[in-house]
Amino acid sequence: MLRAVQWTARTLHATRTVRPGAVLRMPLASVSSRHDPMGAPGPTPATADADSNPRAVKRCRVDQGLEGGRSTAGAAAGSAPDMAGGVPAPVDPGAGPAIPANDIQPTPTATTTTVYSLHKGASEAEFETVVAAVSDKLKKGEVVGLPTDTIYGVACLAQLTPAINRVYAIKGRVSGKPIAICVAETGDVATYAEVTVSPEVLRELLPGPVTLVFKRTPMLNPELNPSSETIGIRIPDDRFIRALTTACGTSLALTSANLSGHCSSIQVEDFREIWDDLGAVVDAGCRGASRLGSTVVDLSVPTTFTVVRAGDSAADTIACLRRHGLTERQS
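Rules behind the numbers
Residues numbered from 1 in each chain as written. Predicted model: local features only at pLDDT ≥ 70, side-chain atom pairs only at ≥ 80, totals over all residues. Heavy atoms only, no water. Salt bridge = Lys/Arg side-chain N within 4 Å of Asp/Glu carboxyl O. Helix = DSSP H or I, 4+ residues; strand = E, 2+ residues; numbered from the N terminus. Buried < 20%, exposed > 50% of the residue type's maximum accessible area, 1.4 Å probe, protein only. Phe/Tyr/Trp six-rings, centres within 6.5 Å; stacked < 30°, edge-to-face > 60°. Lys NZ or Arg CZ within 6 Å of the ring centre and 35° of its normal. Arc of directions from axis to C-beta. Contact = heavy atoms within 4.5 Å. Core = buried A, V, L, I, M, F, W, Y, C linked by side-chain atoms within 4.5 Å.

Moving on, we come to the pattern of salt bridges. One pass over the full model with this rule turns up 11 salt bridges. With a shortest N-O distance of 3.0 Å, E185 and R242 are connected by a salt bridge. With E185 in the loop between β9 (180-182) and α3 (189-192) and R242 in helix α5 (residues 239-248), the pair connects residues that are 57 residues apart, well separated along the chain. Of the charged contacts, one joins E204 and R323 as a salt bridge, the two residues approaching to 2.0 Å between their closest N and O atoms. Taken as a pair, E204 in helix α4 (residues 199-205) and R323 in helix α6 (residues 314-323) lie far apart in primary sequence, 119 residues in all. Note on R323: relative accessible area 54%, which makes it exposed.

As C-alpha cells, this is what we get:
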C-alpha cells in the first residue's frame, strides 16, 4: 500500500504531506532530525553546512511500493535570476472566462520546492493530485517547472503580472524579449489572438510542437509583452500541461526552463540551478534527444506565414500550411 509521509518544519511553522512519488526540498537548517520521516540518525554531511550555506537542502522521497523511503542530502546549485525563452505563448483553457489581469494576488516567494514525479507508472489518482497541487501554486502567483511535448518549461499565470516579472528574474531574461502563452484547446486560441487560419489548420497543427503567432486581442494581459502587437500560442501535445491549464482556468505564460542563453532542458536535472526559485517542479522523465523546442510560425498576416524558428516538426508544419493554401513570406 502507498503511504503518505507527513513531517513538520518547525522553522516554517508548516506541515507538508509528501505523497507517493513526490520529493520535498527545503533547507536542512529548517528541519529538526526528530521530524525526519526517514529517521536519519544525527546530522548528514550537508547538515554541518546548513548554517553557513542556506542553500543546503533536505530531499525526502516516498517511492511507490515502499513503506518508508530514502533520504539524501546535498547542496543545491546556486540560483540565477530571470528567464529565457522566446515568443508569445498560448491561450487559455476552456475552464471558464479569462481571469482579468492581476485579479489573483500572488503570495510571497515559496520557501520550499516540491518535486513531483509523474513517470509512466503514476496512477490516475497521483496524476490528479499533482495537477491539483501545481495549479494551486500557480493560482497563488508561483512559478513552476514542468514538462511539455518538446522540452521542459517554466510557467506562471499569463494574467498575473508579478508572476510574469518573476519568470524574467528567475531566467535573467531581457525584459523586451516576448514570452508565449499556453492554452488547453484550439477553441481557446481566439480568446487571446486574432486567428487568420481555418479551424482545420488549427486542429491539424495543435496540439503539437508548434507555436503560432497571431495579433493579440485585448483579453490578454497588457503587461505581458507590452511592446509587441502579437502573441505566440502553444498547445503542447502533453496530457499534464493541458490538464494543468484547464485546472487553472486561464492561459499560462510558458517559456523554456533554463537560464537565458543556456541550453534547453530535456530532463529536470538540466535546470536544477533554478529549482530554488520555483514553487514546484514536475518530473516526467526525459523529453527526448532533441533540444530544439517548438517550431515558431508567424501567421499574423492572412494567407501567409513566416517561419520565425525552425524547431521540432518544422518540415511537417510548413507542409501543412502550404497544403492549406498559405504562401511563405520573407521576414
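The next subject is the packing of aromatic side chains. Inspection of the entire model under this criterion finds 2 aromatic pairs. When the centroid spacing of 6.2 Å and the interplanar angle of 90° are considered together, the rings of F127 and F240 count as edge-to-face. One end of the pair, F127, is in helix α1 (residues 124-139); the other, F240, is in helix α5, and 113 residues separate them in sequence. You can call F127 buried: its relative accessible area is 9%. Using a relative accessible area of 4% as the deciding quantity, one classes F240 as buried. Ring centres 5.8 Å apart and planes at 40° place the aromatic pair Y152 and F271 in the tilted group. Of this pair, Y152 sits in strand β8 (residues 152-157) while F271 is found in the loop between β13 (252-256) and β14 (280-283), placing the two residues 119 residues apart along the sequence. Residue classification places Y152 among the buried positions, given a relative accessible area of 0%. Overall, F271 belongs to the buried group, its relative accessible area being 1%. In this structure, R239 is placed above the aromatic ring of F127, and the distance from its NZ or CZ to the ring centre is 3.8 Å.

For the rest of this paragraph, the subject is α6. Of the positions making up α6, those classed as buried are A314, T317, C320 and L321. End-on, the buried residues of α6 take up no more than an arc of 130°, which puts them together on one face. In this structure, α6 carries A315, D316, R322 and R323 as exposed residues pointing more than 90 degrees from its buried face. The elements touched by buried residues of α6 are α4, β11 (210-216), β15 (295-298) and β16 (304-309). Taken from the residues just after α6, G325 is the one with a positive phi, measuring 90°.

This next bit is on the nonpolar core. Core analysis: the biggest nonpolar cluster contains 67 residues, and V134, L212, F240, L252, F271 and L299 have the highest contact counts within it. Ignoring any residue separated from it by four or fewer positions in sequence, one finds V134 in contact with Y116, V144, F240, L244 and V282.

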